[in-house]
Amino acid sequence: IRSSLKCSFSENEAMKGKRPEIIIVGGGFGGLNTALNLSKKSWKKSTKPHVTIVDKKDKFVFLPLLYDLAADSISFKGVAPTYKSLLEDTEISFIQGLVSDVDFESNEITVIGSKSSGFNNLVLADDSQASRNFKYDEIILAPGAESVPSTVPGAVEYSWPFYTIEDTYKLQTRLRYLKQSGKDRVKCVVVGGSLCGVEIACTISNYFDWCDVTIITRGNEMLAGADQDNRNAALEKLGRLNIKFLTATSVKNVMPEMVTVETLDATELNFDSDLTVWTAGSKPNSLLSSLDLQLSSYGKVKVNETLKIEGKPNAYCIGDCACIEGANLPSNAQVAMQQSDYLAHNIWAKYESKKPLNFKYSQLGEFIRIGSFDTTASLFSGSIKLRGVPGWITRRATYAIRSPSYYTKNEGLNLIYDAFKVSSNIFEKTTLMLKNK
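The shown structure was predicted, so the numbers you read here are calculated from the model rather than taken from an experiment.

To continue, consider the overall build of the protein chain. Across its full length, the protein chain carries 12 helices and 24 strands. Out of the 437 residues belonging to the protein chain, those deemed buried represent 50%. The long-range fraction of contacts in the protein chain, counting pairs at least 24 apart against all pairs at least 6 apart in sequence, stands at 65%.

Shown next, in the form of structure tokens:
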């Protein structure tokens, strides 16, 4: 596309006084689902908006399935479909670029390196160095969180982070290499005792025939904040997999084949490690701190109960970056997706002269993937508990239903079918053994 082709639907149509322009910064669970929910609303012809998602990546990443990708149990397409494939049957536009500024006075954003494939009424010059401004009538900030580079000596050079699709691909390559290396026993250290740390530790342990895995966490307990029954089931599985963990322990140094840690009583310990995975540390997107916004002590944007940004009449924020006063919300996809439902309604209500809704979070469930065909699940505030294959099937079915991607749905359903076959074989073998007795 030549650089002379610099026009967008919003610029041309705004001059004609037509459709309102809604720009969504970030195409994660919150941003993408808000766009899709807005497109499904029953709008009057005069108020139907044009929606544009801006994201620096060209793919949506279904983060909860990164563990499955690392374990080679799902394809890349199933985890990271392109925005083009997700949006081509909608009227939603997509710009791939980095948002560097938002001017809340002039209702304008600045995007660096913007480019588009030209679908859905949007044509842009493909110039990675260009900086372009786009007008909006409503703006939604949903840039998500980002990993915090560790300051521990050697961590950046010699550990594998686990936060993005790129991280997962590199980890997958390393796991394959170690599996083919002929080592009698692979040794691994995982830094971080949250759900992410425990799930990747179990994934690695199940990947190898023989593997020593140790989890290091600065926290006083493993899986802090998790459902208690899920936590107990996960800790039990760690024991059965012989995965050791140290709490209240800090990493002091990371070397190519060794990790040095320090316990609470200042004792230093060394662990041999063929693979060190770093899951600790994240923060709200750094864009937010550069904008004229009221931020919480954790760097999140302060919003009211309708998800509107304080002091900004036509600006909203959802997901990992939003902070509702008095609401202690977890930073996960479930919150972002529920907020996308409320926010789509509230923006629709504004243009249709309806009443907005205050956001209310419903804890629908928590999954911890602790092995192949093994998940511990707590659903509907703990009223339903599942473990093993039933928990795994429920997890994959939930993700298949909630995923916007055909590939994720299709692969999820195929894997669920495989899980049913595994369960059926186990049941048949058990029944046969009982009959023989």
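And the narrative resumes.
What follows deals with a nonpolar patch on the surface. Taken together, the side chains of Leu364, Phe380 and Ile384 present a nonpolar region at the surface, about 260 Å² in accessible area. Turning to its location among the elements, Leu364 is positioned in the loop between helix H10 (333-351) and strand E22 (365-371). For Leu364, a relative accessible area of 38% corresponds to the partly exposed category.

Now for the pairing of strand E3 (residues 50-55). Buried residues dominate E3, accounting for six of its six residues. Burial along E3 is two-sided: the residues His50, Thr52 and Val54 and Val51, Ile53 and Asp55 are all buried. Examined bridge by bridge, strand E2 (residues 21-25) and E3 share five bridges and lie parallel to one another. Considered in E3, the bridge of Ile23 is made with Thr52. Assessed by its sense of winding, the connection that carries the chain from E2 through helix H2 (residues 29-39) to E3 is right-handed. Inspection of the sheet shows E3 paired to strand E4 (residues 93-103) by four bridges, in the parallel sense. When the bridges of E4 are listed, Ile53 appears paired with Phe94.

Further remarks concern the sheet that holds strand E15 (residues 258-262). Read across the open sheet, the three strands follow the order E14-E15-E16; overall the sheet is antiparallel. Edge positions in the open sheet fall to strand E14 (250-255) and strand E16 (268-272), since each of these has one partner strand only. Between one strand axis and the next, the sheet turns through 20° on average, direction left out of account.

Moving on, we come to unusual backbone geometry. Of note, Ala266 is a non-glycine position whose phi angle comes to about 70°, a positive value. Within the secondary structure, Ala266 is located in the loop between E15 and E16. With a phi angle near 50°, Phe380 is a residue other than glycine that sits in the positive phi range. Within the secondary structure, Phe380 is located in the loop between strand E23 (374-379) and strand E24 (384-386).

This structure, assessed with the given rule, holds 11 aromatic pairs. Between Trp43 and Tyr351, the ring centres sit 6.4 Å apart and the planes meet at 65°, which makes this aromatic pair edge-to-face. Taken together, the residues Trp43 in the loop between H2 and E3 and Tyr351 in helix H10 connect sequence positions 308 residues apart. Geometrically, the ring pair formed by Tyr342 and Phe359 is edge-to-face, given 5.1 Å between the ring centres and 80° between the ring planes. One end of the pair, Tyr342, is in helix H10; the other, Phe359, is in the loop between H10 and E22, with 17 residues separating them in the sequence. If you follow Lys41 out to its NZ or CZ, it ends over the ring of Trp348, 5.8 Å from the centre. For Lys179, the ring lying beneath its charged end belongs to Tyr207, and the centroid distance is 4.4 Å.

Basis of the calculations
- Each residue is numbered by its place in its chain's sequence as written, counting from 1.
- Predicted model: local features are reported for residues with pLDDT of at least 70 only, side-chain atom pairs are reported and counted for 80 or more only, and whole-chain, interface and lining totals are derived from all residues.
- Each side-chain value is worked out from all heavy atoms of the structure, with water and hydrogens disregarded.
- Secondary structure elements are defined from DSSP: runs of H or I of at least 4 residues count as helices, runs of E of at least 2 residues count as strands, and each element is numbered from the N terminus.
- Buried means the residue's accessible area, taken with a 1.4 Å probe over protein chains only, is under 20% of the maximum for its type, while exposed means over 50%, and partly exposed covers the values in between.
- Whether two residues touch is decided by their heavy atoms; if any such pair falls within 4.5 Å, the residues are in contact.
- Each patch is built from residues that are more than 30% exposed by relative accessible area and take part in no salt bridge. Like charges join if they lie within 9 Å; nonpolar side chains (Val, Leu, Ile, Met, Phe, Trp, Tyr) join within 5 Å.
- All accessible-area figures derive from a Shrake-Rupley calculation using a 1.4 Å probe, and residue coverage is judged against the displayed protein chains alone.
- Throughout this description, the term salt bridge denotes a Lys or Arg side-chain nitrogen within 4 Å of a carboxyl oxygen of Asp or Glu.
- Paired strands are those between which DSSP finds at least two bridges.
- For a crossover, the right-handed case is the one in which the path from the first strand over the helix to the second runs clockwise, viewed with the strands pointing away from the viewer.
- Only the stretch in contact is used when a helix axis is fitted, and all axes are lines through C-alpha atoms; the angle between N-to-C directions ranges over 0 to 180 degrees.
- In this analysis, rings of Phe, Tyr and Trp, with Trp reduced to its six-membered ring, are considered paired at centre separations within 6.5 Å, and the interplanar angle assigns stacked below 30 degrees, edge-to-face beyond 60, and tilted for intermediate values.
- Either the NZ atom of lysine or the CZ atom of arginine qualifies as a charge over a ring when it sits within 6 Å of the ring centre and within 35 degrees of the ring normal.

On their own, these measurements won't tell you what the molecule is for.
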